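# Per-entry structural report
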Amino acid sequence: MKKLNFFISLAASLSLILLSGCSSDKSVSNVSKPTSSQGTQKVIEKITLNEVAHSIFYAPLYVAIERGYFRDEGIDLNLVCGFGADKTMTALLSGEADIGFMGSESSIYTFNEGANDPFVNFAQLTQRAGNFLVSREKYPNFSWNDLKGKTVIGGRKGGMPQMVFEYVLKQNHLDPSTDLAIEQGIDFGSTAAAFAEGQGDFTVEFEPGATKLEQEGKGSVVASLGESSGFVPYTAFCAKESFIQKNPDLIQHFTNALQKGMNDVQTMSPEEIAIVIEPQFPETNRDTITTIVSRYAAQNTWKDNLIFEKESFELLQDILESAGELKQRVSYESLVNTEFASKSVQ
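Report follows, based on the coordinates. Computed from a prediction, not measured in an experiment: that's the story for all the values here.

This part takes up the overall build of the protein. Assigned secondary structure in the protein consists of 16 helices and 11 strands. Among the 346 residues that make up the protein, the fraction classed as buried is 55%. By sequence separation, contacts in the protein at least 24 residues apart represent 81% of the contacts at least 6 residues apart. For the protein, the computed accessible surface area is about 14,800 Å², with 47% contributed by carbon and sulfur atoms.

Put into structure tokens, the structure is as follows:
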């Protein structure tokens, strides 16, 4: 019964996080129209942003939303959840979304497939992977070699969580196919519940799964894949090259609003961040939000600026190559534009 309760509780948490934060037609700008310092009213333009998922991992975005920074920049932001990078990309392709927020590998894949109007990344939000290794047993001095001969619940083949995990294993001289068993047949939203029911010795979890397992006494976080993999451009904002060319001022204002959110999380405590973004996660209590924010802050998840560095882009391609998912490398200049992010910090 305890196992069943855990499964129901976790499934409800994950579902509510996605549904409450990512309704299919939810305008998140509810601040009255601002006026500039000269007293003239700013023009309000509506932008639809499709995010890959609704997660505390993306706290700076929600700080910018909750503090009205997009309205300050003359933007009425309509936030829509894609529930996956493939759906976010489809929304961009169809024109349903103006800007996409997802892993940058998607823009690389479409470029290599011959996209006529490539998706250009113009602002990077997270610089670490957001998943953690959870163990059934306690390991006061965990090392990656402790995974030898063990069973780990991983992610789907070709997905960024799994690719980062395999990259970390290889960096620590472990062969993902022979040194351990990786279970990849469990749905993303069900891995923590499966682990709680007794499957696997370890599991790779995003939040709130990792914290939920600890709170229920079902496991312990023993390693951060974000820290172990290095500075990876895990999520970034992108748009069609043609949209950026036609709307440079709009992209600049959008980036300015994001940078204000980034600035805030650099100076706020996890408790303060939790208070600000709590309306975005009504199904999660403030203490849990604070715990998750603290974990992400401790591993330096968020940059102090939105500039997408070349070194990070190349590391991302190293990871894709290591996983056998990259047909050919793409030049940094083809898919990254740092003009707007650079101006936002001036």
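Once the structure has been displayed, the description carries forward.
Cis geometry is found at the peptide bond from glutamate 207 to proline 208, where omega equals 10°. Unlike most non-glycine residues, phenylalanine 83 shows phi in positive territory, near 55°. At histidine 173, a position not held by glycine, the phi torsion is positive, near 65°. With respect to the secondary-structure elements, histidine 173 resides in the loop between α6 (160–171) and β8 (181–183).

Listed in full, the buried residues belonging to helix α4 (residues 85–94) are Thr88, Met89, Ala91 and Leu92. In a view along the axis of α4, the buried residues occupy a sector of 155°, so they form one face of it. Residues of α4 that are buried make contact with β2 (45–51), β4 (99–102), α5 (105–112), β5 (119–126) and β11 (235–240). Where α4 ends, the next residue or the one after it, glycine 95, has phi of about 90°, a positive value.

The next point concerns the nonpolar core. Within the largest apolar cluster, 104 residues are counted, with the highest numbers of intra-cluster contacts made by Leu133, Trp144, Phe237, Phe254 and Ile277. Discounting chain neighbours no more than four positions away, the residues touching phenylalanine 237 are Leu49, Leu61, Ile99, Gly100, Phe101, Val120, Asn121, Phe122, Ala123, Leu125, Phe254 and Leu258.

Another aspect to go through is the sheet that holds strand β7 (residues 151–153). One open sheet accounts for 5 strands, arranged β8-β7-β9-β6-β10; its pairing is mixed. Looking at strand neighbours, the two that pair on one side only are β8 and β10 (220–224), the edges of this open sheet. Neighbour-to-neighbour, the strand axes of this sheet turn through a mean angle of 30°, independent of strand direction. Of the strand pairs in this sheet, strand β6 (residues 132–135) and β10 are connected by 4 bridges, and their pairing is antiparallel. Residue pairing in the sheet places valine 134 in a bridge with valine 221 of β10.

Time to look at the packing of helix α2 (residues 59–66) against helix α11 (residues 248–267). One way to put it is that α2 packs onto α11 with a least axis distance of 8 Å and a crossing angle of 110°. For the element pair α2 / α11, the angle class is roughly perpendicular. Seen from above, α2 lies across α11 with right-handed handedness. Contact with α2, carried on its side by Pro60, Leu61, Val63 and Ala64, involves Ala257, Leu258, Gly261, Met262, Asp264 and Val265 of α11 and no other residues of that element. Looking at the contact of α2 with α11 residue by residue, the classes come out as 8 nonpolar, 1 polar and 1 charged.

Once that is clear, we can look at helix α12 (residues 270–277). Buried within α12 we find Ile273, Ala274, Val276 and Ile277. Buried residues in α12, looked at end-on, bunch into an arc of 165°, giving them a common side.

On to the side chain of serine 344. By the secondary structure assignment, serine 344 is in helix α16 (residues 339–344). A relative accessible area of 14% places serine 344 in the buried class. A distance of 2.7 Å separates the side chain of serine 344 from the backbone oxygen of alanine 341, its partner in a polar contact. Residues within four places of serine 344 in sequence aside, it is in contact with Gln252, Thr255, Asn256, Gln259 and Leu306.

Packing of α5 against helix α14 (residues 310–322) leaves a shortest axis separation of 11 Å and a crossing angle of 70°. By the criterion of interaxial angle, the relationship of α5 to α14 is roughly perpendicular. Touching Glu105, Ile108 and Tyr109 of α5 are Phe313, Leu316, Gln317 and Leu320, all from α14. Looking at the contact of α5 with α14, its residues break down into 5 nonpolar, 1 polar and 1 charged.

The next point concerns the pattern of salt bridges. This structure, assessed with the given rule, holds 13 salt bridges. When the shortest N-O distance is used, the salt bridge between arginine 67 and aspartate 264 registers 2.9 Å. A residue pair is termed long-range when its members are at least 10 positions apart, and arginine 67 in the loop between α2 and α3 (69–72) and aspartate 264 in helix α11 qualify at 197 residues. A relative accessible area of 38% means that arginine 67 is categorised as partly exposed. Residue classification places aspartate 264 among the buried positions, given a relative accessible area of 12%. Taking the shortest distance from any N to any O, the salt bridge between aspartate 318 and arginine 329 comes out at 3.1 Å.

Turning to the packing of aromatic side chains, a few remarks are in order. Considering all chains together, one arrives at 19 aromatic pairs under this definition. An angle of 70° between the planes, with centres 6.1 Å apart, marks the rings of phenylalanine 122 and phenylalanine 254 as edge-to-face. On the criterion of sequence distance, the pair formed by phenylalanine 122 in strand β5 and phenylalanine 254 in helix α11 is long-range, its members being 132 residues apart. Here phenylalanine 122 matches phenylalanine 254 in class, with each residue buried. Ring plane angle 70° and centroid distance 6.0 Å describe the contact between phenylalanine 308 and phenylalanine 313, whose orientation is recorded as edge-to-face. Taken together, Phe57, Tyr58, Phe70, Phe101, Phe122, Phe132, Phe206, Tyr234, Phe237, Phe254, Tyr296 and Trp302 form an aromatic cluster joined through their ring pairs. Lying over the aromatic face of phenylalanine 195, arginine 136 brings its terminal NZ or CZ to 4.0 Å of the ring centre.

Criteria and cut-off values
- Residues numbered from 1 in each chain as written.
- Predicted model: local features only at pLDDT ≥ 70, side-chain atom pairs only at ≥ 80, totals over all residues.
- Heavy atoms only, no water.
- Helix = DSSP H or I, 4+ residues; strand = E, 2+ residues; numbered from the N terminus.
- Buried < 20%, exposed > 50% of the residue type's maximum accessible area, 1.4 Å probe, protein only.
- Contact = heavy atoms within 4.5 Å.
- Areas by Shrake-Rupley, 256 points an atom, 1.4 Å probe, with all protein chains shown as cover.
- Arc of directions from axis to C-beta.
- Core = buried A, V, L, I, M, F, W, Y, C linked by side-chain atoms within 4.5 Å.
- Pairing = 2+ DSSP bridges.
- Axes fitted to C-alpha atoms, helices over the stretch in contact; angles between N-to-C directions.
- Parallel < 35°, antiparallel > 145°, perpendicular 65-115°, else oblique.
- Left-handed = near helix turned anticlockwise from the far one by under 90°.
- Nonpolar A, V, L, I, M, F, W, Y, C, P; charged D, E, K, R; others polar.
- Polar contact = N/O pair within 3.5 Å; in protein donor to acceptor, adjacent residues only side chain to side chain.
- Salt bridge = Lys/Arg side-chain N within 4 Å of Asp/Glu carboxyl O.
- Phe/Tyr/Trp six-rings, centres within 6.5 Å; stacked < 30°, edge-to-face > 60°.
- Lys NZ or Arg CZ within 6 Å of the ring centre and 35° of its normal.

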